[in-house]
Amino acid sequence: MFTFRDIIGHKTIKEHLQQGIRNRQVSHAYIFEGDDGVGKLMTAKTFAAALQCKEGGDEPCGHCISCLQMLSGNQPDVAYITHEKAKIGVDDIREGLCTPITIKPYAGPYRIFIVDEAEKMNEQAQNALLKTLEEPPEYGIIILLTNNRDAFLQTILSRAVTLAFLPVADSELVPYLMREAQIPDYRARLAAAFAGGSPGKALACADSEEFQKRRDTAVGLMQNLPDMSDERMAVSAKSLAAKKEELEDILGLMQVWLRDLLYAKAAGRKASLMFSQESDVLMAQAERISYEGIVGLQQELTELLAKRKANVTPEPAIWLMLLHMKDCFR
């Protein structure tokens with residue numbers, strides 16, 4: 001059973017929710033906004049468990065019947081609305097939330113509904129939800145998890161308490177990864193930097209063999225790129241374009257390399273590098289490139305990564321980026 005103490009980061013949010021439990025001042029609707037893997041779902045489950053806990057404290061006790069039901073995923077008064085479709089339709093919301101919430105709790109004081117990826121609700125689904133939010137039952141609590149609150153109707157935003165889950169600081173995330181994944185600090189720092197403050201993503205990367213392979217691909221490319229022949233570059237561009245599932249991660253790791261390159265140029269050997277095992281290569285490259293060149297490459301790589309997320313990464317675009325990268329080292 002998770003407790004609020006187990007949730008890394010988000011101190012202000014945890015204090016807000018626990019104070020609401022203690023004072024019995026809980027909103028009927030919450031919007032938990034933040035990047036994927038940042039801790040929204042874990043916090044929602046812990047909040048729900050504490051609200052339903054028979055002990056009545058601001059933490060789930062972990063041993064009462066309600067907490068045991070939460071652990072098994074069978075708490076009758078806590079429902080999860082999940083989906084595999086591109087959109088959450090009106091029927092999904094009506095059948096999964098609007099109708100069930102009219103039924104009083106079976107055992108606990110509340111009926112709690114957690115909607116994952118709530119930004120996928122279409123306009124009809126949001127309007128159906130809005131009718132419930134306008135006249136919510138006193139026992140009803142709705143928690144919308146999202147990475148984009150702007151996707152919601154303004155009328156929904158005005159009826160919910162929005163809590164912003166910010167990226168977790170590396171100073172908290174790195175020790176957490178070393179403890180939970182049992183990995184050395186240099187791997188934990190790289191996973192934390194790559195994950196952008198998302199504990200879920202960082203933990204998934206920390207001890208993943210696939211992630212290590214993608215790291216090796218990115219490092220090999222960035223190490224050799226300044227002196228790579230045009231023929232080899234064309235082959236590399238073709239190879240990267242073919243790595244459809246891995247490409248986003250490889251580009252993200254290349255971004256971390258450029259971040260290290262900027263730090264190496266600015267602070268020299270004193271820099272705290274994520275690719276610490278390649279510090280000699282980074283120091284040598286820092287002598288061959290200007291600050292403006294690094295910043296320009298960071299922007300170009302960011303734009304290419306955005307195209308990748310939109311499923312648009314043609315081989316020529318990758319080749320041009322690699323060519324520009326090589327030119328910046330001349």
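Residues numbered from 1 in each chain as written. Predicted model: local features only at pLDDT ≥ 70, side-chain atom pairs only at ≥ 80, totals over all residues. Heavy atoms only, no water.

**Structural notes on the overall build of the protein chain**
The number of helices and strands found in the protein chain is 15 helices and 5 strands. Each principal axis of the C-alpha distribution contributes one length, and for the protein chain these read about 70 × 40 × 30 Å. In the protein chain, which comprises 330 residues, the share counted as buried stands at 48%. In the protein chain, which carries 38 positive and 45 negative side-chain charges, the distance between the mean positions of the two groups comes to 1 Å. (Helix = DSSP H or I, 4+ residues; strand = E, 2+ residues; numbered from the N terminus. Buried < 20%, exposed > 50% of the residue type's maximum accessible area, 1.4 Å probe, protein only. Lys, Arg positive; Asp, Glu negative; His and termini not counted. Charge placed at Lys NZ, Arg CZ, Asp CG, Glu CD.)

**Quick word on the packing of helix α7 (residues 170-181) against helix α8 (residues 185-195)**
Their axes nearest at 9 Å, the elements α7 and α8 cross at an angle of 130°. For the element pair α7 / α8, the angle class is oblique. α7 and α8 meet at a crossing whose hand is right-handed. On α8, the residues that touch D170, L173, V174, L177 and M178 of α7 are D185, A188, R189, A191 and A192. Of the residues assigned to the contact of α7 with α8, the class counts are 7 nonpolar, no polar and 3 charged. (Axes fitted to C-alpha atoms, helices over the stretch in contact; angles between N-to-C directions. Parallel < 35°, antiparallel > 145°, perpendicular 65-115°, else oblique. Left-handed = near helix turned anticlockwise from the far one by under 90°. Contact = heavy atoms within 4.5 Å. Nonpolar A, V, L, I, M, F, W, Y, C, P; charged D, E, K, R; others polar.)

**Topic: α7**
Across its 12 residues, α7 extends 15 Å between first and last C-alpha, which sits within 8% of the 16 Å expected from 1.5 Å per residue. Residues L173, V174, Y176, L177 and A181 constitute the buried set of α7. Buried residues of α7 fall within an arc of 165° about the axis and therefore sit on the same side. With its phi angle positive at about 55°, Q182 sits one or two positions after the end of α7. (Expected span 1.5 Å × (residues − 1). Arc of directions from axis to C-beta.)

**Notes on the environment of A284**
Assignment of secondary structure puts A284 in helix α13 (residues 279-286). Residues A284 and A264 lie 20 residues apart in sequence; the distance between their C-alpha atoms is 9.2 Å.

**Observations concerning the side chain of Q18**
If you trace the backbone, Q18 turns up in helix α1 (residues 11-23). Engagement of the side chain of Q18 in a polar contact is seen with the backbone oxygen of D58, the distance being 3.2 Å. With residues up to four places along the chain from it excluded, the contact list for Q18 reads F4, D58 and E59. (Polar contact = N/O pair within 3.5 Å; in protein donor to acceptor, adjacent residues only side chain to side chain.)

**Points about the pattern of salt bridges**
Under the definition given, this model contains 13 salt bridges. Between E59 and R5 there is a salt bridge, with its nearest N and O atoms 3.5 Å apart. Of this pair, E59 sits in the loop between α2 (40-52) and α3 (65-72) while R5 sits in the segment before α1; the two residues are 54 residues apart in sequence, bridging distant segments of the chain. Judged by relative accessible area, E59 falls into the buried class, the value being 13%. Exposure remark for R5: the relative accessible area of 66% places this residue in the exposed category. D216 is paired through a salt bridge with R215; the nearest N and O atoms lie 3.5 Å apart. Assessed through its relative accessible area of 9%, R215 is described here as buried. When salt bridges with common partners are traced through the structure, they connect R215, D216 and E278 into a single cluster. (Salt bridge = Lys/Arg side-chain N within 4 Å of Asp/Glu carboxyl O.)

**Details of helix α11 (residues 230-242)**
Since the α-helix packs 3.6 residues into each turn, any two residues three or four apart lie on the same face. With 13 residues, α11 ought to run about 18 Å at 1.5 Å a step, and its terminal C-alpha atoms sit 19 Å apart, in line with that. Turning to α11, its buried residues are M233, S236, A237, L240 and A241. Looking straight down α11, one finds its buried side chains confined to an arc of 130°; they lie on one side. Residues of α11 that are exposed and point more than 90 degrees away from the buried face comprise E231, V235, K238 and A242. Close packing links the buried residues of α11 with α10 (209-224), α12 (247-267) and α15 (315-328).

**A short note on the sheet that holds strand β5 (residues 161-165)**
Read from one edge to the other, the open sheet built from 5 strands follows the order β2-β3-β4-β1-β5, with strand pairing classed as parallel. Single-partner strands in this sheet number two, and they are β2 (78-81) and β5. This sheet shows a mean twist of 15° between the axes of neighbouring strands, independent of strand direction. One ladder, built from 5 bridges, connects strand β1 (residues 29-34) with β5; its direction is parallel. In the strand pairing of β5, G34 is matched with F165. Contacting β1 and β5, α1 runs over the sheet at an angle of about 150° to β5. (Pairing = 2+ DSSP bridges.)

**Description of the packing of aromatic side chains**
Counted under the stated rule, the structure contains 5 aromatic pairs. Ring centres of F32 and F165 lie 5.2 Å apart, and the angle between their planes is 45°; this geometry places the pair in the tilted category. Of this pair, F32 sits in strand β1 while F165 sits in strand β5, and the two are 133 residues apart along the sequence. Like F165, F32 is buried. The interplanar angle of 50° and the centroid separation of 5.1 Å between the aromatic rings of F194 and F211 together place this pair among those described as tilted. One end of the pair, F194, is in helix α8; the other, F211, is in helix α10, and 17 residues separate them in sequence. One aromatic cluster is present, built from ring pairs that chain together Y30, F32, F47 and F165. In this structure, K45 is placed above the aromatic ring of Y80, and the distance from its NZ or CZ to the ring centre is 5.5 Å. (Phe/Tyr/Trp six-rings, centres within 6.5 Å; stacked < 30°, edge-to-face > 60°. Lys NZ or Arg CZ within 6 Å of the ring centre and 35° of its normal.)

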